[in-house]
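So you can see what is in the structure, the chains are spelled out below.
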Amino acid sequence: MVALPPCERPRLRCCAASGCRSAGARPLLAALRAAAAAGGTAPDGIAAGDQAADDISAGASAAPEPLEVRSVGCLRLCGEGPLVAWDGPEGTRLFGGLAPAAAAALVDQVRGLASLPLAADPALVSHQLDLEQPFFRLQRPLVLEGCGIVDPERIEAALAHGSYAQLRRVLHELSPEAVREQVRRSGLRGRGGGGYPTGLKWDTVALQPPGRRYVVCNADEGDPGAFMDRSVLEGDPHRLLEGMAIAAYAVGADHGYLYVRAEYPLAIERLRLALQQARQQGLLGPSIAGTAFALELEVRVGAGAYVCGEETALLHSIQGQRGIPRTRPPYPAQAGLWGAPTLINNVETFAAVPVILRQGGDWYAAIGSEGSRGTKVFSLSGAIRHTGLVEVPMGISLRTVVETMGGGDPDGGAVKAVQTGGPSGGCIPADLLDTPVDFESLLSLGSMMGSGGMVVIGQGTAMPEVARHFMAFSVNESCGKCVPCRAGTVQLLALLDRFVEQRATAADLEALEALCAMVKATSLCGLGQAAPNPVLSTLRHFRQEYTAALGPGS
Amino acid sequence: MDLMTISATPAQDPAQARPRLRLATVWLAGCSGCHMSFLDLDEFLFELAEAVDIVYSPVASDTKIYPEQVDVCLVEGAVANVDNLELALTLRQRTALVISFGDCAISANVPGLRNLCSAPGRDSARTVLERGYLELADASAQLPFAPGIVPELLPKVLPLHEVIPVDLYLPGCPPSAERIRAAIAPLLVGQRPRMEGASMLRFG
Amino acid sequence: MSVVTLQVDGRDVAVPAGSTLLQAIRAAGLSVPTLCDLEGLEPVGACRLCLVELEGSQRLLPACASEASEGQVIRTDTAQLQGYRRMAVELFFAEGNHVCAFCVANGTCELQDVAVAVGMDHSRFPYQYPQRSVDASHPRFSLDHNRCILCTRCVRVCDQIEGAHVWDVAERGSDCRIVAGLDQPWGEVDACTSCGKCVDVCPTGALFAKEDTTAEKHPHPERAGQLRRAREQRQWIS
Ligand SMILES: Cc1cc2nc3c(=O)[nH]c(=O)nc-3n(C[C@H](O)[C@H](O)[C@H](O)COP(=O)(O)O)c2cc1C
Ligand code: SF4
Ligand code: SF4
Ligand code: SF4
Ligand code: SF4
Ligand code: FES
Ligand code: FES
């Protein structure tokens, strides 16, 4: 979590994940480290904090105590980035949007060398963020337990934070079946969008006839507005690797792949580093943690096609083929990579596994709601005051997430709708914001949980335009294999153009609905099947905006 | 459109009781092949002449103005210029049952190939005119301009049903005489033809 | 050989285990329209014309790419399916440039056949007029992309039967197109043996022999199945 218990020795945590990097985290981190070093013993550029944390520089202690400046993963409130947390005897304070020039002032405050109290320090005071606000208070970090706390580039930090403890325990104490039992009991469902029961999937892979098996982590995260998986990859990659290794053990796999989109260079870099460190520590590779269990994991970089997040397309891509889906069955659990049974799960699904084993499946199942257990990470964006990452128990109402935590419309206007599920999902109108966030409720409203992108739509946005925006996305991302999606989305887009440009006819409305039904029912894979959802859901909840767009001719 | 609206009388003695059908044929942007095929109906043309009044047709009537209260109109060709468009709109208003007659009316077909020629930022009409009258001209390159005499091209060639509602489609390039006959004969007795199977439907 | 029994449009039918639903439908003396499927080639389930309804399931199944299983109750010709199929055929016509009147495949084209089968007398979707090209670089054959429906029969026959893998698909969505070699002119691809199998199995006028002109194409889609059967049953080996 962001706020940590009071600690004797002060420390700064600077978010260096993608969101904050784009807001200038790198120069800020460098400035903080320089300021920390300037008062200490470390000469230019060498991060005092890194050494301090390892306690290898303990001998050199002439001047002020070395101040640890830790580079961490997402601190949640990305919209205020770059974020810096200051942990000290009084607990944690959080600052947003600091310029590198303010670094020295902050370090002086931390060291107690500042001439003004914090509340009067002009360089800092307007940047301090309230950690008591609901955005932070209502979060329930399980998957993101270590994100924002550990330095993702140092396995020692992850180990100190408990990573790989469950892997070691499982390998020494539990049978694969006993592991799967815990996952089944947890009620965990896939976080990649479909919500398939994870335990059942693991069983299906494990119970295939003897032979080779693979594990695959789906880190393609192609939904526009979604950055949950990226945060895990960038902020706490070892948790993911641990979850994956436990899964591999549970299903009997000794080889696996992490499929990451090329647009995530930092995630790829950190993942590769994490893999290397885990191998060095004997936590991956042959005979893991002194047992007979062996696992090789490799990173595969996708070229950033949305459809490559679809599991069969992803597997083709790993095999070096064109990333297009195929009909299922057979499901990957039966016949996946090179025909072998393959477990494929989303980043967040794997990352939930260590905590489930630590606390027990029943403990996890007690969080969340009937049918949707545990927590879910959402990325909040759009017309909302607090943009960022939230991990909340399932079953929480959309209103709590969007209005209470997200702070509603930044200009004080009313929220018009919330889009969930990206191009496969739909828009939920403001009057239904009391809907609980769970798989079934969102589906029943014509949207879906999806991978966790939540885009808030303000009053100024016309719904046919929203639908057109997503349809244009589907047109671009269709793999082109099957005709309803390849050609149907193009025709849907043309029809939506007519509504957006106010020249549609009643016949166009009929054609729009008929074609949506056809594309949904007949497309080969989830991309095409879900492509009409943004249209159907806006037709359902905002039909008057379509009928108002009918031109004078009709 | 329901065929019952074009033949008011119920049928004990259909041939006698029914008023003569007012039939029109129209030639828009097409090669006239559909009309040639119509003329291939041979003897059936005599039967037809018994049963209908041809009130407007490029091949069987001298009338220049599309008349009122037409029962059935066969429309050959796509809608490619302003004259085509005007005639299409007029005939729709004055006709009970409009038939897209042949592939050009149905899909724009050969005249629609012009739609493939559009240079960036220019519609296909401009592109083909510039190509034909400016780029390929030997001397005195000049775009044709004779308002009221030479009809202006529409930016895009359209099938008839994208311009007016169409009641029946009679595909073929051209539809064979047999197919035309099989489509028209039922109309004469107030029935809608069954447009099914390769003999009635196949394009080309 | 074990057998599964199922019901297709009210008719009971028994087929060898491992048969596809399409084989079961045909064994029952019925048919569904197909375009991408071809006996002898691995199914891809791409054209979606053969979708059927399975009792007790919301999801439609591609008959060509689904295995028949015991006790299934299948419907092949409901009003819903008819509506979807007709739309699919209209989408095919609207996404390419089809002018049957001067097409080499006029009269033998399978796209024309399915248009008839689904009762398509016109397309309710506007034609897109995509800019596509013709590859006439091969000494004996041509590929007119305007008529290609991306069924990938050519890709599969060249890969799975001829073993040359000259063809593949490039780009995505509506930009998809068949490419020879490494997106080269077909005539420059050394791997092509000029066997003509791709031309034989192409359901449309996209691939054709150069000597054939309007309405002169003689497709031989049956050859893929013949070759595969001959190989598997070693028919030409004494
Ligand atoms: C078009 C499309 C895109 C998808 N993209 C992703 C993705 O980016 N990440 C992901 O985990 N799952 C994605 N999925 C879902 C996967 O196919 C698959 O269901 C999932 O990875 C299974 O993991 P889970 O059971 O842990 O959710 C996508 C599905 C479709 C149809
Ligand atoms: S639905 Fe779209 S993305 Fe999926 S296989 Fe068909 S064309 Fe490809
Ligand atoms: S490929 Fe078939 S449908 Fe297309 S133009 Fe040729 S004959 Fe007509
Ligand atoms: S002619 Fe034969 S080898 Fe050449 S592309 Fe066609 S199928 Fe392949
Ligand atoms: S060229 Fe012919 S066989 Fe190949 S994909 Fe196109 S239509 Fe199918
Ligand atoms: S990326 Fe820095 S707070 Fe989210
Ligand atoms: S024939 Fe089955 S999908 Fe094409």
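Residues numbered from 1 in each chain as written. Chains lettered and ligands numbered in written order. Predicted model: local features only at pLDDT ≥ 70, side-chain atom pairs only at ≥ 80, totals over all residues. Heavy atoms only, no water.

S.K.: Where do I start with the overall build of chain A in this structure?
M.R.: Scanning chain A for helices and strands turns up 25 helices and 16 strands. The C-alpha atoms of chain A give 24 Å as radius of gyration, which agrees with the globular expectation for 554 residues (24 Å, within 12%). Along the three orthogonal principal directions, the C-alpha set of chain A runs to about 85 × 60 × 40 Å. Classification of the 554 residues of chain A by burial places 61% in the buried group. Here the contacts in chain A between residues at least 6 apart in sequence split such that 71% fall between residues at least 24 apart. The averaged location of the 55 negative side-chain charges in chain A is 5 Å from the averaged location of its 47 positive side-chain charges. (Helix = DSSP H or I, 4+ residues; strand = E, 2+ residues; numbered from the N terminus. Rg over C-alpha atoms; globule rule 2.2 N^0.38 Å. Buried < 20%, exposed > 50% of the residue type's maximum accessible area, 1.4 Å probe, protein only. Contact = heavy atoms within 4.5 Å. Lys, Arg positive; Asp, Glu negative; His and termini not counted. Charge placed at Lys NZ, Arg CZ, Asp CG, Glu CD.)

S.K.: Would you explain the interface of chain C and chain A in this entry?
M.R.: You'll often see interface size given as the accessible area lost when the parts meet. Counting residues at the interface gives 30 residues for chain C, matched by 27 residues for chain A. In terms of surface lost to chain A, no three residues of chain C exceed R48(C), L91(C) and R172(C), which account for 27% of the buried area on that side. Between chain C and chain A we count 2 salt bridges in total. Salt-bridge contacts for E95(C) lead to R486(A); the nearest nitrogen and oxygen are separated by 2.6 Å. At the level of secondary structure, the elements contributing two or more residues to the side of chain C that touches chain A comprise α2 (79-95) and β8 (167-170) of chain C. (Buried area = accessible area lost by both parts, 1.4 Å probe. Salt bridge = Lys/Arg side-chain N within 4 Å of Asp/Glu carboxyl O.)

S.K.: I tried to follow the domain arrangement of chain A on my own but got confused; where do I start?
M.R.: Residues and elements named next belong to chain A. Annotation of chain A at the domain level lists domain 1 (11-132), domain 2 (155-364), domain 3 (373-458) and domain 4 (463-547). On a C-alpha basis, the centroid separation for the pair domain 1 and domain 2 is 34 Å. Taken together, the 9 residues of domain 1 in the interface contact 7 residues of domain 2. A combined buried area of about 560 Å² lies between domain 1 and domain 2, and 50% of that area is made up of carbon and sulfur atoms. Scanning the region where domain 1 abuts domain 2 turns up 0 salt bridges. (Domains from an automatic or database assignment.)

S.K.: What exactly am I supposed to notice about the site of ligand 3 here?
M.R.: The immediate surroundings of ligand 3 are formed by 13 residues, with H98(C), C100(C), C103(C), C109(C) and G205(C) found nearest. Partitioned by chemical class, the residues of the shell around ligand 3 number 7 nonpolar, 5 polar and 1 charged. (Near = heavy atom within 4 Å. Nonpolar A, V, L, I, M, F, W, Y, C, P; charged D, E, K, R; others polar.)

S.K.: Help me understand the sheet that holds strand β10 (residues 207-209) of chain C in this model?
M.R.: Pairing between the strands of a sheet comes from backbone hydrogen bonds, and it takes one of two forms, parallel or antiparallel. Residue and element names in this part refer to chain C. Strand order in the open sheet made by the 3 strands is β6-β7-β10, with antiparallel pairing throughout. One side of each edge strand has no neighbouring strand; the edge strands of this open sheet are β6 (134-135) and β10. As defined by bridge partners, strand β7 (residues 141-144) adjoins β10 across 3 bridges and the pair is classed as antiparallel. Looking at β10, one finds that L143 is bridged to L207. (Pairing = 2+ DSSP bridges.)

S.K.: Would you mind showing me how to read the interface of chain B and chain C here?
M.R.: With 22 residues of chain B in contact, the opposing surface of chain C contributes 24 residues. At the boundary of chain B with chain C, the tally comes to 1 salt bridge. Inspection of the region where chain B meets chain C yields 9 residue pairs in polar contact (both at pLDDT 80 or more). Mapped by element, the contributors of at least two residues to the side of chain B that touches chain C are α5 (103-107), β6 (153-158) and α8 (197-201) of chain B. (Polar contact = N/O pair within 3.5 Å; in protein donor to acceptor, adjacent residues only side chain to side chain.)

S.K.: Could you clarify how one ought to interpret helix α9 (residues 198-206) of chain A in this entry?
M.R.: Residue pairs spaced three or four apart in an α-helix point in one direction, given the helix's 3.6 residues per turn. By the criterion of burial, α9(A) is predominantly enclosed, with 7 of the 9 residues buried. Listed as buried for α9(A) are T198(A), G199(A), K201(A), W202(A), D203(A), V205(A) and A206(A).

S.K.: What is the right way to read the side chain of N97(C) from this model?
M.R.: Along the polypeptide, N97(C) turns up in the loop between α2 and α3 (110-117). A polar atom in the side chain of N97(C) sits 2.8 Å from the backbone oxygen of P130(C). Sequence-distant contacts of N97(C), defined by excluding residues within four places in its chain, comprise L116(B), Y129(C), P130(C), N146(C) and R147(C).

S.K.: Hey, could you run me through unusual backbone geometry in this one?
M.R.: The general pattern is negative phi for most residues beyond glycine and trans for most peptide bonds. Cis geometry is found at the peptide bond from G81(A) to P82(A), where omega equals -5°. Here P82(A) shows up in the loop between β2 (68-72) and β3 (83-88). Following R328(A), the chain continues to P329(A) via a peptide bond in cis, the omega torsion being -5°. We note that Y129(C) has phi near 50°; this positive angle belongs to a residue other than glycine. By the element assignment, Y129(C) lies in the loop between α3 and β6. The phi torsion at A215(C) lies on the positive side, around 60°, for a residue other than glycine. On the secondary structure map, A215(C) appears in the loop between β10 and α6 (222-232). Under the relative-accessibility criterion, A215(C) is labelled partly exposed at 44%.

S.K.: I keep staring at the side chain of D220(A) and nothing clicks. Help me out?
M.R.: All names here are of chain A. Tracing the chain through its elements places D220 in the loop between β6 (214-219) and α10 (228-235). With no salt bridge to any partner, buried D220 finds its closest opposite charge in R261, at an N-O distance of 4.2 Å. Not counting residues within four places of it along the chain, the set of residues in contact with D220 comprises Y259, R261, A305, Y306, C308 and G309.

S.K.: Help me understand the site of ligand 2 in this model?
M.R.: In the vicinity of ligand 2 there are 13 residues, among which C479(A), C482(A), C485(A), C525(A) and G528(A) approach most closely. Here the shell around ligand 2 is composed, by residue class, of 8 nonpolar, 4 polar and 1 charged.

S.K.: I keep staring at the sheet that holds strand β5 (residues 95-101) of chain B and nothing clicks. Help me out?
M.R.: Residue and element names in this part refer to chain B. Taken in spatial order, the 5 strands of this open sheet run β2-β1-β3-β5-β7, and their pairing is parallel. Either end of the sheet is taken by a strand with one partner, and the two such strands are β2 (52-56) and β7 (168-170). Direction aside, the axes of adjacent strands within the sheet are offset by 25° on average. Two strands pair when backbone bridges link them, and β5 and β7 are joined in this way by 3 bridges, in the parallel orientation. (Axes fitted to C-alpha atoms, helices over the stretch in contact; angles between N-to-C directions.)

S.K.: I keep staring at the confidence of the model for chain B and nothing clicks. Help me out?
M.R.: Any residue range with low pLDDT should be treated as having predicted coordinates unsuitable for detailed reading. All names here are of chain B. Here chain B shows a mean pLDDT of 91. Residues at 70 or above account for 91%. Here residues 1-11 is a poorly scored stretch, pLDDT under 50, and it has 22 contacts once near neighbours within four places are set aside; other chains count. Note on the complex model: pTM 0.94, ipTM 0.97. (pLDDT = per-residue confidence, 0-100.)

S.K.: What exactly am I supposed to notice about the packing of helix α19 (residues 463-477) of chain A against helix α21 (residues 488-500) of chain A here?
M.R.: Helices that pack against each other are described as a pair by the angle of their axes relative to one another and the distance between those axes. Residues and elements named next belong to chain A. Running from amino to carboxyl end, α19 crosses α21 at an angle of 155°, the nearest separation of the two axes being 9 Å. What the angle tells us is that α19 and α21 run roughly antiparallel. The way α19 lies across α21 gives a crossing that is left-handed. Contacts from P464, E465, A467, R468, M471, A472, S474 and V475 of α19 reach α21 at T489, V490, L492, L493, L496, D497, F499 and V500. Partitioned by chemical class, the residues of the contact of α19 with α21 number 11 nonpolar, 2 polar and 3 charged. (Parallel < 35°, antiparallel > 145°, perpendicular 65-115°, else oblique. Left-handed = near helix turned anticlockwise from the far one by under 90°.)

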